[in-house]
Amino acid sequence: MPLRRAVIVPGNGAGNIEHCNWYGWAKKRVNEIPDVSCTLKNMPDPVTARESIWLPFMEKELKCDEETVIIGHSSGAAAAMRYAETHRVFAIILVGAYTSDLGYENERESGYFSRPWEWEKIKTNVKHIIQFGSTDDPFLPWEEQQEVADGLNTALHKYSDRGHFQNTAFPELIDAVKKLKTNS
């Protein structure tokens, strides 16, 4: 199946995501790629980002399927990985991905970190896995980002100066989506 759709799943606490970080900017740029449409919607339960609410929303409302690249940022990366454990998707692009609740109650309540990651199931259900991470991320230890890269054998784009990827533009992300489309 070819790549036809991109879905941006934001980090928790994003509020109106159209105006947050690079999300709205990326939606516009992805929609300029021929035969690819991008979906960006405010998520339900935006602060805690509960798996029990986000994953059904990703399936029913965002329509993530075998023609979709899920672009997940932070909590959205955790959601993309958990979604891919049980659903086939074209690709996942993980931005600021991590593997534990980091000792935060809100992260623990999300449900993503209550059991081991099923790396093999994710790799079976996803054709392409791309990861963006930065060693200077103020929220995520590099060790956790590296654990995702090792567990999923991702195409890792490692930076030392991007923090938590909260900038307003992200051209490397658009290049990654274009490359996926070319190879689909």
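Predicted, not measured: the structure shown is a model, and the values here were computed from it.

## Focus: the packing of helix α1 (residues 23-31) against helix α7 (residues 171-182)
Then, in step 1: One way to put it is that α1 packs onto α7 with a least axis distance of 10 Å and a crossing angle of 30°. Where α1 crosses over α7, the two elements pack in a sense that is right-handed. Contacts from W25, A26, R29 and V30 in α1 reach P171, L173, I174 and V177 in α7.
Then, in step 2: For the contact of α1 with α7, a count of residues per class yields seven nonpolar, no polar and one charged.

## Some words on the environment of A91
Then, in step 1: Turning to its location among the elements, A91 is positioned in strand β4 (residues 89-95).
Then, in step 2: Taking the C-alpha atoms as reference, A91 lies 23 Å from C20; in sequence the two are 71 residues apart.
Then, in step 3: Setting aside anything within four residues of it in sequence, one finds A91 in contact with T68, V69, I70, V126, H128 and L180.

## Side note on α1
Then, in step 1: Those residues of α1 not exposed but buried are Y23, G24, A26 and V30. All buried residues of α1 lie within an arc of 160° about the axis, which places them on one face of the element.
Then, in step 2: Packed against the buried residues of α1 are β1 (5-9), β2 (37-39), β3 (68-73) and α7.

## Structural notes on the nonpolar core
Then, in step 1: In this structure, V9, M58, I70, M81, I92, L94 and I122 are the most contacted members of the largest nonpolar core, which totals 33 residues.
Then, in step 2: Elements represented by at least two residues in this core include exactly β1, α2 (51-60), α3 (75-86), β4, α5 (119-125), β5 (126-134) and α6 (142-152).
Then, in step 3: Counting residues per element, this core draws most heavily on α3, at seven residues.
Then, in step 4: Ignoring any residue separated from it by four or fewer positions in sequence, one finds I122 in contact with M81, A84, E85, I92, I129 and L152.
Then, in step 5: Counting residues in each nonpolar core, the second largest holds 29 residues, with I17, Y23, V69 and I174 among its members.

## Let's talk about the packing of α2 against α3
Then, in step 1: In the contact formed by α2 and α3, the axes pass within 10 Å of each other and the chain directions differ by 70°. The angle between α2 and α3 places the two elements in the roughly perpendicular class. The element α2 and its partner α3 pack so that their crossing is right-handed. Note on element contacts: α3 touches α2 through S75, G76, A79, A80, R82 and Y83, opposite E51, W54, L55, M58 and E59.
Then, in step 2: Looking at the contact of α2 with α3, its residues break down into six nonpolar, two polar and three charged.

The rules behind the values
- Residues numbered from 1 in each chain as written.
- Predicted model: local features only at pLDDT ≥ 70, side-chain atom pairs only at ≥ 80, totals over all residues.
- Heavy atoms only, no water.
- Axes fitted to C-alpha atoms, helices over the stretch in contact; angles between N-to-C directions.
- Helix = DSSP H or I, 4+ residues; strand = E, 2+ residues; numbered from the N terminus.
- Left-handed = near helix turned anticlockwise from the far one by under 90°.
- Contact = heavy atoms within 4.5 Å.
- Nonpolar A, V, L, I, M, F, W, Y, C, P; charged D, E, K, R; others polar.
- Buried < 20%, exposed > 50% of the residue type's maximum accessible area, 1.4 Å probe, protein only.
- Arc of directions from axis to C-beta.
- Core = buried A, V, L, I, M, F, W, Y, C linked by side-chain atoms within 4.5 Å.
- Parallel < 35°, antiparallel > 145°, perpendicular 65-115°, else oblique.

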